[in-house]
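Read off the chains here:
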Amino acid sequence: MYHVNRYSRGVWPESMSFNDEGYGPIPSKWKGKCQANAGIPCNRKLIGARYYIKGYAAHIGKRHFNKSMENARDYEGHGSHTLSTAGGNFVRGATVFGVANGTVKGGAPRARLASYKVCWPPNKYIIYGGCADADTLKAIDRAIHDRVDVLSISLGGHSADYFSDALSIGTFHAVKNGIAVVCSGGNEGPDYQTVTNISPWIFTVGASTIDRKLVTNVLLRNGERLRGSSLTKPLPEDKFYPLITAEQAKSSNATIDDAMLCKNGTLNPKKVKGKILVCLGIGYEADRLRRGHIASVAGAVGIILCNAKNSSSEIPSDYHLLPAAHLNYTDCLSPDITAPGVGIIAAFTEVKPTLGLNFDHRITPYYILQARTRDNRASPMVDDVGKKANPFSYGAGHMRPNRAMDPGLVYDLTISDYLNLLCAIGYNQTMISKFSGGPYKCPHDPVAKANGSLSSSLLLNFNYPSITVPNITSEVTVTRRVKNVGTPGKYEARLRQPRGFLATVEPTSLTFKEAGQEQTFKLTLKANKKNSPSPPRSLNDYSSMYSFGELLWSDGSHHVRSPIVVSAAA
């Protein structure tokens, strides 16, 4: 298997995550290579590295580009981190600044990897850096030619029409060539309608937490223990230190708001020295680390960062320069609720200080980047602000890789299915040809002709695992097709009814006699307006107008789940 990572920004080949010990010869089907001037030594694990810059250089002007970085190396860490998360080798004894010791590995640790660098870091001329569509499309074309099996892509902007989205068009051609495409869902949650890379031929993955806890306890003199998180070594356990809030420690000319954010110049070192300082923990990672640095300079022996009352419930594990703990807002009031924040430890660049901050010169080869329908305690999953999550947040649920190796049934889709979907949403022949590569005749659809494309049977019956039907007036029936990819068996249907609707499935059982056999079923949804959800009160309450249910097919050992999302016509 070959994974391809293309997002900022290249790869750090010296990482042990890309070590090829124990690998045999590179398969003959592989047509890729490490580009001659890419600055990357290939091996039997990391079998390809290329970079693409012409589109980006044309956009910003060649004179604004740092020539020394014109290669496939990773100068920021994100590329190595995401590539090793996807397919990094087993590495024992990995730590982040001496904390969180253990074995790291990617999702497919024995996969062979290739990196296609298309994103470029900021410089004194370009504040944010970026990725050009022309370079992205060129890299996808090359990956197709190189015969990759999987494209793992961690880039994207705001969602756009498929026809206007280079990534949608490029990945369609990859799928046409038998390549599975997996993309990140973006970093803009937990608000609704913020997911990106939503083309149906892309396997879009949102970020969720896992059950590893990077715990830092705060022990009070009265014996209470507050549970927080960080990646710093603790203070000595045989000594208590006085606590002081940043408000109590503020300098005479500072405002309370600025002091609680521990801004530079707002603290009185005489009040802070020898104490543990409590500051607000809101903002980006760099903001939080800067507060730790300012606390250290002021003479604090440690820092506690607290979430604000109305902020996220996430408690991230940061790498402070002094002993630290990040607590949830409720933990700062009473120690009875915990919401540990966790991250993924993976390979990182060692070309410069890890965090890129002028006061922090530490380098680490491994680093955490902060980023089923119930959690590991069998409680409902919650979103970033602690509210009960729904399929708009987690899709079909949390990925369970071992079970995914033997799913039992799959909802199979062909290129014709995708092209028919484009027909259903109103694309003309010129637009469709950008995806199909030539003329494509849309099938006759009498429902669409009579009622408009949004009520098209092609759209309703698109063989997607999730079932979403908005604006139901009375009754709607959708058809789905499942393929058996396991052993022969009988699957029984179980339904969790969406509130305000009656869902029925026909037939209620499916029998498969062999692998590869397909069966169809129909799901009928009837609206009951008296019990239907109310219109949304705000954009952030968008899900209140929808009802959520579930269809589950099971033979006792396999559980094939489809979320149902419906709304009634106003």
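Look up a bit, the structure's there.
Okay, so let's go over this structure. (Residues numbered from 1 in each chain as written. Predicted model: local features only at pLDDT ≥ 70, side-chain atom pairs only at ≥ 80, totals over all residues. Heavy atoms only, no water.)

Across all of its chains, the model carries 14 salt bridges by this definition. Here Asp20 ties to Arg44 by a salt bridge, and the two come within 3.4 Å at their closest N and O atoms. Taken together, the residues Asp20 in the loop between strand S1 (2-5) and strand S2 (46-51) and Arg44 in the loop between S1 and S2 connect sequence positions 24 residues apart. With a relative accessible area of 16%, Asp20 lands in the buried category. We note a salt bridge from Asp318 to Arg288, for which the minimum N-O separation is 2.5 Å. Within this pair, whereas Asp318 is found in the loop between strand S15 (302-306) and strand S16 (324-327), its partner Arg288 is found in helix H7 (residues 285-297), the two being separated by 30 residues in sequence. An identical accessibility class is assigned to Asp318 and Arg288; each is buried. Within this structure, Arg50, Arg142 and Asp146 form a network of salt bridges that share partners. (Salt bridge = Lys/Arg side-chain N within 4 Å of Asp/Glu carboxyl O. Helix = DSSP H or I, 4+ residues; strand = E, 2+ residues; numbered from the N terminus. Buried < 20%, exposed > 50% of the residue type's maximum accessible area, 1.4 Å probe, protein only.)

Moving on, we get to the state of the cysteines. On inspection of all chains with the given rule, the structure shows four disulfides. Cys119 shares a disulfide with Cys131; S-S distance 2.0 Å. Disulfide Cys119-Cys131: the torsion about the S-S bond is 105°, which places it as right-handed. Separated by twelve residues along the polypeptide, Cys119 in strand S6 (residues 119-120) and Cys131 in strand S7 (residues 130-131) bring together distant segments of the chain. Note on cysteine connectivity: Cys262 is disulfide-linked to Cys279, with sulfurs 1.8 Å apart. With the S-S bond torsion at -75°, the cross-link from Cys262 to Cys279 turns out left-handed. Placement of the pair is Cys262 in the loop between helix H5 (256-260) and helix H6 (269-272) and Cys279 in strand S14 (residues 276-280), with a sequence separation of 17 residues. Owing to a relative accessible area of 1%, Cys279 belongs among the buried residues under this scheme. (Disulfide = S-S within 2.5 Å.)

Packing of helix H4 (residues 166-176) against helix H12 (residues 429-436) leaves a shortest axis separation of 8 Å and a crossing angle of 55°. Classified by the interaxial angle, the pair formed by H4 and H12 is oblique. Mapping the contact onto sequence places Ser168, Ile169, Phe172, His173 and Lys176 in H4 and Lys434, Phe435 and Ser436 in H12. Classifying every residue of the contact of H4 with H12 gives three nonpolar, three polar and two charged. (Axes fitted to C-alpha atoms, helices over the stretch in contact; angles between N-to-C directions. Parallel < 35°, antiparallel > 145°, perpendicular 65-115°, else oblique. Contact = heavy atoms within 4.5 Å. Nonpolar A, V, L, I, M, F, W, Y, C, P; charged D, E, K, R; others polar.)

Next up on the list: the sheet that holds strand S22 (residues 489-496). Strands sit in the order S20-S27-S26-S22-S24 across an open sheet of five strands; the sheet is mixed. Strand pairing shows two members of the sheet lacking a second neighbour, strand S20 (467-472) and strand S24 (509-512), which therefore form its edges. Neighbour to neighbour, the strand axes of the sheet diverge by 20° on average, direction disregarded. Pairing between strand S26 (residues 547-554) and strand S27 (residues 559-568): eight bridges, direction antiparallel. Bridged to Trp553 within S27 is Val560. (Pairing = 2+ DSSP bridges.)

This part covers the nonpolar core. If you look at the biggest cluster of nonpolar residues, it comprises 37 residues, and the most contacted ones within it are Tyr116, Leu151, Val181, Trp201, Leu422 and Phe435. Elements represented by at least two residues in this core include exactly strand S5 (112-117), helix H3 (133-146), strand S8 (150-153), H4, strand S9 (180-184), helix H11 (415-424) and H12. If sequence neighbours within four positions are ignored, Trp201 has contacts with Tyr162, Ser168, Thr171, Phe172, Val175, Val181, Tyr418, Leu422 and Phe435. Residues Val505, Phe521, Leu523 and Trp553 belong to the second largest nonpolar core, which totals 23 residues. (Core = buried A, V, L, I, M, F, W, Y, C linked by side-chain atoms within 4.5 Å.)

In this structure the tally under the stated criterion is 14 aromatic pairs. When the centroid spacing of 4.9 Å and the interplanar angle of 90° are considered together, the rings of Phe172 and Trp201 count as edge-to-face. Here Trp201 lies in the loop between S9 and strand S10 (203-205) and Phe172 lies in helix H4, a separation of 29 residues in the sequence. Taken as a pair, Phe172 and Trp201 share a single burial class, namely buried. Ring centres of Tyr418 and Phe462 lie 6.0 Å apart, and the angle between their planes is 55°; on these two criteria the pair is classed as tilted. One end of the pair, Tyr418, is in helix H11; the other, Phe462, is in the loop between helix H14 (457-460) and S20, with 44 residues separating them in the sequence. Cluster of aromatic residues (ring-pair linked, three or more members): Tyr162, Phe163, Phe172, Trp201, Tyr418, Tyr427, Phe435, Phe462 and Tyr464. Directly above the aromatic system of Trp12 lies the positively charged group of Arg73, at a separation of 4.9 Å from the ring centroid. The residue whose ring lies beneath Arg110 is Tyr23, and the NZ or CZ to ring-centre distance is 4.2 Å. (Phe/Tyr/Trp six-rings, centres within 6.5 Å; stacked < 30°, edge-to-face > 60°. Lys NZ or Arg CZ within 6 Å of the ring centre and 35° of its normal.)

Once that is clear, we can look at the side chain of Ser168. Residue placement: Ser168 occurs in helix H4. With a relative accessible area of 2%, Ser168 lands in the buried category. At 2.8 Å, the side chain of Ser168 and the side chain of Asp165 are in polar contact. Discounting chain neighbours no more than four positions away, the residues touching Ser168 are Tyr162, Ser199, Trp201 and Phe435. (Polar contact = N/O pair within 3.5 Å; in protein donor to acceptor, adjacent residues only side chain to side chain.)

Any functional reading would require information that these geometric values do not contain.
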